[in-house]
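# Summary of the model geometry
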Amino acid sequence: MPEYEFVDVYVPRGVSRKEATRLLTDHAEYGHWELDRLSLHRDGSRRVRLKRRIIRQLRATW
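Bear in mind the structure is a predicted one, so any value in this text is a computation, not a measurement. (Residues numbered from 1 in each chain as written. Predicted model: local features only at pLDDT ≥ 70, side-chain atom pairs only at ≥ 80, totals over all residues. Heavy atoms only, no water.)

### A closer look at the side chain of S45
Counted only if it meets this: Labels follow the DSSP assignment, with helices taken as runs of H or I lasting at least four residues and strands as runs of E lasting at least two, numbered in each case from the N terminus. In this scheme, a residue with accessible area under 20% of its type's maximum is buried, one over 50% is exposed, and one in between is partly exposed, where area comes from a 1.4 Å probe on protein chains only. Polar contacts, as counted here, are pairs of nitrogen or oxygen atoms within 3.5 Å of one another; within protein the pair requires one atom able to donate a hydrogen and one able to accept it, and residues that are adjacent in sequence qualify only if both atoms are side-chain atoms. Contacts were defined at the residue level, with two residues in contact if any of their heavy atoms lie within 4.5 Å.
Here S45 lies in the loop between β2 (34–40) and β3 (46–54). The exposure class of S45 is buried, given its relative accessible area of 3%. There is a polar contact of 2.8 Å between the side chain of S45 and the side chain of D43. In contact with S45, not counting residues within four places along its chain, are Y10, V11, P12, R13, S39 and L40.

This is how it looks when you write it as structure tokens:
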């Protein structure tokens, strides 16, 4: 079963959609994050949850 780590990103209401898209694209490209959940609040702010898979290295036994 894959394991994931999560990070929550808060985007305030004054941030345009284009800027928010650029911010999330940067996280995806450079940090290997993918979108897990997006919440749009009444005041226009967004709360985004990103996830990425944890890759564990197994020890080699000789």
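Still to come is the rest of the account.
### Focus on the pairing of β3
So the rule is basically this: Strand pairing follows a simple DSSP-based rule, namely that at least 2 bridges must link the two strands.
Inspection of the sheet shows strand β1 (residues 3–11) paired to β3 by nine bridges, in the antiparallel sense. The partner of D8 across the bridge, within β3, is R49. Bridge count for β2 against β3 is six bridges, and the pairing is antiparallel. Paired with S39 across the strands is R47, a residue of β3. Counting the residues between successive antiparallel strands, the hairpin from β2 to β3 contains five residues, one of them, G44, with a positive phi of roughly 95°.

### Quick word on the layout of surface pockets
Cut-off, in case you're wondering: Space inside and on the surface of the protein is sampled on a 1 Å grid over the protein atoms alone, with a cavity defined as a set of points where a 1.4 Å probe fits but cannot get out and a pocket as an open set with protein on both sides within 12 Å along at least 5 of 7 lines; lining residues have an atom within 4 Å of a point. Grid points are joined across faces, edges and corners, and a volume is the space filled by probe spheres set on the points. Put simply, Ala, Val, Leu, Ile, Met, Phe, Trp, Tyr, Cys and Pro go in the nonpolar bin, Asp, Glu, Lys and Arg in the charged bin, and everything else, Gly too, in the polar bin.
By volume, the largest pocket is sized at about 160 Å³. Lining the largest pocket, in full, are V11, R17, A20, T21, L24, L38, L40, R46 and V48. Per-element accounting of the lining of the largest pocket gives the leading share, four residues, to helix α1 (residues 17–31). The class makeup of the residues in the lining of the largest pocket is six nonpolar, one polar and two charged.

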